[in-house]
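# Observations on chain architecture
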Amino acid sequence: MTTNTRIDLAVGQARAAELVGLYRDRLTEQDRLPADRALRLACQAYADGYVYVTAAPGQVWERKEKQGTGADLLLLLSFDQAWEGRAALCEFEDGEHEELLLEELRERYALRCWPAADADGAPSWPCSGEH
């Protein structure tokens, strides 16, 4: 059984509502969905933790099943759409980097938090003083 962290627990209710609204707007503009249908779809995508919508650079994800390697947290740095579909370039706590397909990210990790980017706007550690 997979469990996903609700987006509002990771970013707060106000930011979650803003993200849902932005996705709703994108669905109405790009996909020409009626606003009420777009809102329902946006709410459902975030409630279900749909990784293709929720994953974003700067997020910290936590391994669902700990492996004792000390690399249970990863920082999502960027996306690469050229390798077998959409993949995320991630940095682990130990400084190692890996590219994970978004499906792998969804299956093996849960969103832990989404801290503000550093002064340069780049994704950065830590989350709430933890790292």
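Located above this text is the structure these notes cover.
First, a word on what this report is: a plain description of the structure on this page. Each chain has its residues counted from 1, running along the sequence as written. Reporting in this predicted model follows two pLDDT cut-offs: at least 70 for local features of residues, and 80 or more for side-chain atom pairs to be given and counted; totals over whole chains, interfaces and linings ignore these cut-offs and use all residues. Excluded from the side-chain calculation are hydrogens and water; included are all heavy atoms of the structure.

## A short note on the nonpolar core
- Definition of nonpolar core: a set of buried residues of the types Ala, Val, Leu, Ile, Met, Phe, Trp, Tyr and Cys, connected through side-chain atoms within 4.5 Å. Burial classes follow relative accessibility: with a 1.4 Å probe on protein chains only, a residue under 20% of its type's maximum area counts as buried, one over 50% as exposed, and anything between as partly exposed. Core analysis: the biggest nonpolar cluster contains 27 residues, and Trp61, Leu74 and Leu105 have the highest contact counts within it.
- Only runs of H or I of at least four residues qualify as helices and only runs of E of at least two qualify as strands under DSSP, and these elements are numbered from the N terminus. Residue assignment for this core shows that the elements contributing at least two residues are α1 (7-11), α2 (13-30), α3 (35-47), α4 (51-54), β2 (73-80), β3 (87-92), α5 (102-108) and β5 (109-113).
- Take this core: its biggest share by element is five residues, from α2.
- When checking whether two residues touch, look at their non-hydrogen atoms; a contact exists if any pair is within 4.5 Å. If sequence neighbours within four positions are ignored, tryptophan 61 has contacts with Val51, Ala55, Asp72, Leu73, Leu74, Leu76, Leu105, Tyr109, Ala110, Leu111 and Arg112.
- Listed in part, the five residues of the second largest apolar core include Leu73, Leu75, Cys113 and Trp125.

## A closer look at the packing of aromatic side chains
- Stacked, tilted and edge-to-face are the three classes applied to pairs of Phe, Tyr and Trp rings, where Trp contributes its six-membered ring and a pair requires centres within 6.5 Å; stacked means planes under 30 degrees apart, edge-to-face means over 60, and tilted covers the rest. Under the defined criterion, the tally for this structure stands at two aromatic pairs.
- With a centroid separation of 5.5 Å and 45° between ring planes, the pair formed by tyrosine 50 and tyrosine 52 is classed as tilted.
- Cation placement over rings: the criterion is NZ of Lys or CZ of Arg within 6 Å of the ring centroid and within 35° of the ring normal. It is arginine 15 that lies over the ring of tryptophan 114; its NZ or CZ is 5.6 Å from the centre.
- A cation over a ring is seen here: arginine 86 above phenylalanine 79, with NZ or CZ 3.9 Å from the ring centre.

## With respect to the pairing of strand β1 (residues 60-63)
- For two strands to be treated as a pair, DSSP must find at least two bridges joining them. Relative to β2, β1 runs antiparallel, the two sharing three bridges. Bridging across to β2, tryptophan 61 finds its partner in leucine 74.

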